[in-house]
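Structure assessment
Listed below are the residues making up each chain.
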Amino acid sequence: MEFEVSDQLLGTVVPIVVYWVYSGIYTVLGSSLEEYRLHSKKDEEEKNLVSKGDVVRGVVLQQIVQAVVATILFKVAGDDGESAGEQKTSIASLALEFLTAMVVLDTWQYFMHRYMHQNKFLYRHIHSLHHRLIVPYAYGALYNHPLEGLILDTCGGALSFLVSGMSPRASIFFFSFATMKTVDDHCGLWLPGNLFHVFFRNNTAYHDIHHQLHGSKYNFSQPFFVIWDRILGTYMPYTLDKRPEGGFEARPVQSSKDE
């Protein structure tokens, strides 16, 4: 009897596997490429307010919730029992679905993320957990309060899937791509030739500014574009300067803004 793995199962599991593989690569690179780090390894160890063990446990918990919601979502959205021929779609249609999903996810996350900073109760009890990582690193990208993970990431992903109308098969690639982008934004490395840095203004250094104390009220956009920050006045540009001891430092250009 032939064993088949459904697109729904792959759409649930593959992004989780991608998260740990991709962040693992960055962890290895970060331990040996000090000249490309945005923060020193010493700063990573001393400034962060949460242990790496707690980060791993927090991410795993979020991914369990994510997997449960994805399973339910695929059931509600319908079966993928179509033949390969029936599932074929044009490149243009697929690109439109991806772009729609990216815009929906960015819009959802911008406003939810910004509100969690503006609402003192939500920030203190929920979003501040993510900002315990003052010096972000790759596998801490999804370290959040479980409620934040559900609202920002899981619900945002579900909404982008439903609004875009993409198939479960297309979602495998979209959510793997979105996962890689999120990990990249938190990796703390400014590597030459990084395509995410080439094609997206919202990148590792841009998000690093947000994790700094003077940037916490700016650069809310994630994970793809910076359009909402620009439109609503929360965009903070930066410069990349060489640190005397090696590596780079992202510095806000408009550091004189009111905080």
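Residues numbered from 1 in each chain as written. Predicted model: local features only at pLDDT ≥ 70, side-chain atom pairs only at ≥ 80, totals over all residues. Heavy atoms only, no water.

Along the backbone of the protein there are 11 helices and 2 strands. Taken from N to C terminus, the helices and strands of the protein fall in the order α-α-α-α-α-α-α-α-α-α-α-β-β. In terms of overall dimensions, the protein is globule-like: its C-alpha atoms have a radius of gyration of 19 Å, near the 18 Å expected for 259 residues. Residue pairs at least 24 apart in sequence account for 68% of intrachain contacts in the protein once pairs closer than 6 positions are excluded. When the accessible surface of the protein is totalled, it reaches about 13,000 Å², and 65% of it is carbon and sulfur. Seen as two clouds, the 21 positive and the 27 negative side-chain charges of the protein have centres 8 Å apart. (Helix = DSSP H or I, 4+ residues; strand = E, 2+ residues; numbered from the N terminus. Rg over C-alpha atoms; globule rule 2.2 N^0.38 Å. Contact = heavy atoms within 4.5 Å. Areas by Shrake-Rupley, 256 points an atom, 1.4 Å probe, with all protein chains shown as cover. Lys, Arg positive; Asp, Glu negative; His and termini not counted. Charge placed at Lys NZ, Arg CZ, Asp CG, Glu CD.)

Alternating residues of strand S2 (residues 248–252) divide into Phe 248, Ala 250 and Pro 252, all buried, and Glu 249 and Arg 251, none buried. In this sheet, S2 lies alongside strand S1 (residues 238–242) in antiparallel orientation, the contact comprising 5 bridges. Across the sheet, residue Thr 239 finds its bridge partner in S2, namely Arg 251. Hairpin connection of S1 to S2: 5 residues between the antiparallel strands, including Gly 246 at a positive phi of 110°. (Buried < 20%, exposed > 50% of the residue type's maximum accessible area, 1.4 Å probe, protein only. Pairing = 2+ DSSP bridges.)

Turning to the pattern of salt bridges, a few remarks are in order. Per the counting criterion, the structure on display carries 11 salt bridges. For Glu 34, the salt bridge is made with Arg 37, and the minimal N-O distance between the two is 4.0 Å. For Glu 34, a relative accessible area of 23% gives the class partly exposed. Asp 185 is the salt-bridge partner of Lys 181, the closest N and O atoms lying 2.7 Å from each other. In this pair, Lys 181 and Asp 185 are both assigned in helix H8 (residues 168–186), 4 residues apart and thus about one turn of the helix distant. As far as burial versus exposure is concerned, Lys 181 and Asp 185 are alike and both buried. Linked through salt bridges whose partners overlap, the residues forming this network are Glu 34, Arg 37, Glu 44, Glu 45 and Lys 52. (Salt bridge = Lys/Arg side-chain N within 4 Å of Asp/Glu carboxyl O.)

A few words now on the packing of aromatic side chains. Applying the stated criterion across every chain yields a total of 19 aromatic pairs. A centroid spacing of 5.7 Å and a plane angle of 15° characterise the contact between Phe 177 and Phe 224, whose relative ring orientation is stacked. Residue Phe 177 is found in helix H8, and its partner Phe 224 is found in the loop between helix H10 (204–211) and helix H11 (227–232); the two are separated by 47 residues along the sequence. Residue class for Phe 224 comes out buried when judged on its relative accessible area of 1%. Grouped by ring-pair contacts, the aromatic residues Phe 98, Phe 174, Phe 175, Phe 177, Phe 196, Phe 200, Phe 224 and Phe 225 constitute a single cluster. The ring of Tyr 235 carries Arg 230 above its face, with NZ or CZ at 4.0 Å from the centroid. (Phe/Tyr/Trp six-rings, centres within 6.5 Å; stacked < 30°, edge-to-face > 60°. Lys NZ or Arg CZ within 6 Å of the ring centre and 35° of its normal.)

Close inspection of predicted coordinates is inappropriate for parts of the model with low pLDDT. Scored by pLDDT, the protein comes out at a mean of 92, with 93% of its residues at no less than 70. Mean pLDDT across the elements of the protein ranges from a minimum in helix H4 (residues 84–87), with 47, to a maximum in H11, with 98. Considering only residues more than four positions removed or in separate chains, one finds that residues 80–86, a stretch of pLDDT under 50, has 7 contacts. Below pLDDT 50 for its whole length, residues 255–259 participates in 8 contacts with residues either more than four positions away or in separate chains. (pLDDT = per-residue confidence, 0-100.)

Moving on to helix H1 (residues 7–32). Between the first and last C-alpha of H1 there are 37 Å, a value that for 26 residues agrees with the 38 Å anticipated at 1.5 Å per step. Taken as a whole, H1 carries its principal kink of about 25° at Val 13; the proline Pro 15 stands between one and four residues after it. Within H1 the residues assigned to the buried category are Asp 7, Gln 8, Gly 11, Thr 12, Pro 15, Ile 16, Val 18, Tyr 19, Tyr 22, Ser 23, Tyr 26 and Gly 30. (Expected span 1.5 Å × (residues − 1). Bend = angle between axes of the 7 residues up to and from the residue.)

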